Protein chains: 2
Amino acid sequence: MNVSSKPERTRLSAEDWELAALHLIAEQGVGALAVEALARQLGVTKGSFYWHFRTREALLNAALERWEQYGEREVLGQIEQIADPRKRLPELFRRVAHELQPHRVYAALLKALDHPQVVPVMARVSQRRMEFLTTAYREAGLPAQQALNRARLTYAAYVGFLQLNFTLGLPRINHEEFDAYVEHMIATLIPA
Amino acid sequence: MNVSSKPERTRLSAEDWELAALHLIAEQGVGALAVEALARQLGVTKGSFYWHFRTREALLNAALERWEQYGEREVLGQIEQIADPRKRLPELFRRVAHELQPHRVYAALLKALDHPQVVPVMARVSQRRMEFLTTAYREAGLPAQQALNRARLTYAAYVGFLQLNFTLGLPRINHEEFDAYVEHMIATLIPA
DNA sequence: GGCAATCCATACTCTTCCGTATGGTTTCTG
DNA sequence: CAGAAACCATACGGAAGAGTATGGATTGCC
């Protein structure tokens, strides 16, 4: 039995630290990102950390950049391959709704918008996603101005939902009820 | 010239500390709530604080309770006096949109959902507001299930908007554009 | 196998912040 | 006006966490 459940790599790389940092952020938020805590969790001491990174901020920045670039090809990459623009938005909604796992980091970062390091990252990511939504709404038939506002509304609903049902544990909505909610969203937000 | 701009009250009460705490939370978040910092800001030292409160947690709890009860009579109290149920929702949207000042504490608390003390408060407040929205939608003509989902969607959009345009500084939407967005929300979310 | 680069442990320092102890000062009250 | 209660300052102790210094261990490479 080992302390952590990791398969006991004898030596660590910078990537290992970054991934562990993202994992910890998803679980306990950016505020909980302490180097000694991370080191314990990885089965080493601070001595290791300060070889790979110059400071704690450096680790956070590296982890954020890694997360940003991963999300770029993964989250948006898939969806862009749905040919029919009319099918694209409902499909997007349903997919996002049913894999809330990758959104944990995003939810954690939403709560860390006071840390100056995360603001630019979140600004870029949110901006790109909103632009994606905007063009999707235009392709679905909305005029430019309406498409933009609908994208704002949609993305705000997404962000708010993360906060309310993910972080906060609001009246724990169950599975069927949740599906009904998603379909209600689709019916309300996507033009027929 | 004084250190802070406060009118130099010679002695302080518990209420003074609670109000100062809320102010600080609105400005810099819950994490910045430190007793020595607050004391400096009030022109006294820790000695004063620990006469009024047993601990830092006690201050936070007191401040949260004060905020919760204030919001209860202020935010919801006014709106309930709008007679026509059909006019009520659009009016609510427009009012909320144009006094974002009282929402700063709420936005700050959204980012503090990892602190166990704020979770129950936010759960209660959000729950009450959602119930209010749900009955408003029913009075506007929606059947029960749809009213509930529409309330969820609306409130999520509200919360998300706070995060995106308040905390994060997303493409600084200007005044006219913002009004157009609010009207778009009304047209999209409120049944004709 | 031995040398150099890489990786890590140990043992510090420094800062920040919570909380306590204790005595002083102001204000209220009889 | 005197004593008590309310309020505050100063000076500690202690925990937590960032960063540094330095030497030991491990690995790749010739």
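Residues numbered from 1 in each chain as written. Chains lettered and ligands numbered in written order. Predicted model: local features only at pLDDT ≥ 70, side-chain atom pairs only at ≥ 80, totals over all residues. Heavy atoms only, no water.

Novice: Where do I start with the overall build of chain A in this structure?
Specialist: A tally of regular secondary structure across chain A gives 9 helices and 0 strands. Taken from the N to the C terminus, the helices and strands of chain A come in the order α-α-α-α-α-α-α-α-α. Viewed in the frame of its principal axes, chain A has a C-alpha envelope of about 60 × 35 × 30 Å. Expressed as a percentage of the 192 residues in chain A, the buried residues total 47%. Taking contacts inside chain A between residues at least 6 apart in sequence as the whole, the part at least 24 apart equals 64%. Split by element, the accessible area of chain A, about 10,000 Å² in all, is 52% carbon and sulfur. (Helix = DSSP H or I, 4+ residues; strand = E, 2+ residues; numbered from the N terminus. Buried < 20%, exposed > 50% of the residue type's maximum accessible area, 1.4 Å probe, protein only. Contact = heavy atoms within 4.5 Å. Areas by Shrake-Rupley, 256 points an atom, 1.4 Å probe, with all protein chains shown as cover.)

Novice: For this particular structure, what's the right way to read the protein's contact with DNA strand C?
Specialist: Within the structure, DNA strand C sits among 19 residues, and Arg11, Leu12, Thr45 and Trp51 of chain A together with Lys46 of chain B are positioned closest to it. Within 4 Å of the protein, the contacting atoms of DNA strand C are 61% sugar and phosphate, with bases supplying the remainder. With respect to DNA strand C, the side chain of Arg11 of chain B contributes an N or O atom lying 3.2 Å from a sugar or linking oxygen. In the environment of DNA strand C, a phosphate oxygen lies 3.3 Å from a nitrogen or oxygen atom belonging to the backbone of Val35 of chain B. Elements supplying a minimum of two residues to the surface near DNA strand C: α3 (46-52) of chain A together with α2 (35-42) and α3 (46-52) of chain B. Sort the elements by how many residues they give to the surface near DNA strand C and α3 of chain A lands first, with 4 residues. Of the residues assigned to the surface near DNA strand C, the class counts are 7 nonpolar, 7 polar and 5 charged. (Near = heavy atom within 4 Å. Polar contact = N/O pair within 3.5 Å; in protein donor to acceptor, adjacent residues only side chain to side chain. Nonpolar A, V, L, I, M, F, W, Y, C, P; charged D, E, K, R; others polar.)

Novice: Looking at this structure, how should I read the pattern of salt bridges?
Specialist: Pairing is possible between side chains of opposite charge, provided their charged atoms come close. Summed over all chains, the structure comprises 20 salt bridges over all chains. Among the salt bridges present, the one from Arg152 of chain B reaches Glu177 of chain A, with a minimum N-O distance of 3.2 Å. Highlighted residues: Arg152 of chain B in helix α8 (residues 144-167) and Glu177 of chain A in helix α9 (residues 175-189), drawn from two different chains. The exposure class of Glu177 of chain A is partly exposed, given its relative accessible area of 25%. Here Lys46 of chain B and Glu36 of chain B are joined by a salt bridge, their closest N and O atoms 3.8 Å apart. On the criterion of sequence distance, the pair formed by Lys46 of chain B in helix α3 and Glu36 of chain B in helix α2 is long-range, its members being 10 residues apart. (Salt bridge = Lys/Arg side-chain N within 4 Å of Asp/Glu carboxyl O.)

Novice: Just to check I follow, could you spell out the environment of Ala20 of chain A for this structure?
Specialist: Residues and elements named next belong to chain A. Mapping Ala20 onto the fold places it in helix α1 (residues 14-28). A residue is classified by how much of its surface remains accessible, and Ala20, at 8% relative accessible area, is buried. Sequence separation between Ala20 and Arg150 is 130 residues, and the spatial gap between their C-alpha atoms is 37 Å. In contact with Ala20, not counting residues within four places along its chain, are Leu38 and Leu42.

Novice: Would you explain the layout of surface pockets in this entry?
Specialist: If a probe as big as a water molecule is rolled over the atoms, it shows which places are left empty. If you add up the space inside the largest pocket, you get close to 1,000 Å³. Val75, Glu99, Pro102, His103 and Tyr158 of chain A are the residues nearest the centre of the largest pocket, which is lined by 39 residues in total. Those elements that place two or more of their residues in the lining of the largest pocket are α1, α4 (56-79), α5 (85-98), α6 (103-110), α7 (118-139), α8 (144-167) and α9 of chain A. With 8 residues, the single largest contributor to the lining of the largest pocket is α4 of chain A. A class-by-class count of the residues in the lining of the largest pocket yields 27 nonpolar, 6 polar and 6 charged. Mapped onto the domain boundaries, the lining of the largest pocket takes at least three residues apiece from domain 1 (9-64) and domain 2 (82-192) of chain A. Each pocket or cavity is described by its volume, and for the second largest pocket that value is around 480 Å³. Contributing to the lining of the second largest pocket are 21 residues, with Trp67, Tyr70, Gln101, Pro102 and Val105 of chain B lying nearest its centre. (1 Å grid on protein atoms, 1.4 Å probe; cavity = no way out; pocket = protein on both sides within 12 Å on 5 of 7 lines; lining within 4 Å. Points joined across faces, edges and corners; volume = space filled by probe spheres on them. Domains from an automatic or database assignment.)

Novice: Would you mind going over the relation of the copies chain B and chain A with me for this structure?
Specialist: Mapping between the two chain copies consists of a rotation about an axis together with a translation along that axis. By a simple turn and slide, chain B fits onto chain A: the slide is 0.0 Å along the axis, the RMSD is 0.1 Å, and the turn is 180°. Interpreted geometrically, this transformation is the action of a two-fold axis. When the interface residues of chain B are mapped onto chain A, 100% of them are again interface residues, pointing to one common binding face. (Least-squares fit on C-alpha atoms with pLDDT ≥ 70 in both.)

Novice: Can you help me understand the confidence of the model for chain A in this one?
Specialist: Close reading of the predicted structure is inappropriate where its pLDDT is low. Model confidence for chain A is summarised by a mean pLDDT of 90, while 94% of its residues fall at 70 or above. Averaged over each element, pLDDT in chain A is lowest for α5 of chain A (88) and highest for α3 of chain A (97). (pLDDT = per-residue confidence, 0-100.)

Novice: Mind showing me how you'd approach the packing of aromatic side chains here?
Specialist: For any pair of aromatic rings, the description consists of the separation of the ring centres together with the inter-plane angle of the planes. Residues and elements named next belong to chain A. All told, the structure shown has 18 aromatic pairs over all chains when counted by the stated rule. Plain terms: the ring middles of Trp17 and Phe49 are 5.3 Å apart, the flat faces sit at 75° to each other, and that makes the pair edge-to-face. Of the two residues, Trp17 sits in helix α1 while Phe49 sits in helix α3, which places them 32 residues apart along the sequence. You can call Trp17 buried: its relative accessible area is 0%. The buried category is assigned to Phe49, whose relative accessible area is 0%. Ring plane angle 85° and centroid distance 4.9 Å describe the contact between Phe49 and Tyr50, whose orientation is recorded as edge-to-face. Its relative accessible area of 44% is what places Tyr50 among the partly exposed residues. A cation over an aromatic ring shows up here: Arg129 above the ring of Tyr106, its NZ or CZ 4.7 Å from the ring centre. (Phe/Tyr/Trp six-rings, centres within 6.5 Å; stacked < 30°, edge-to-face > 60°. Lys NZ or Arg CZ within 6 Å of the ring centre and 35° of its normal.)

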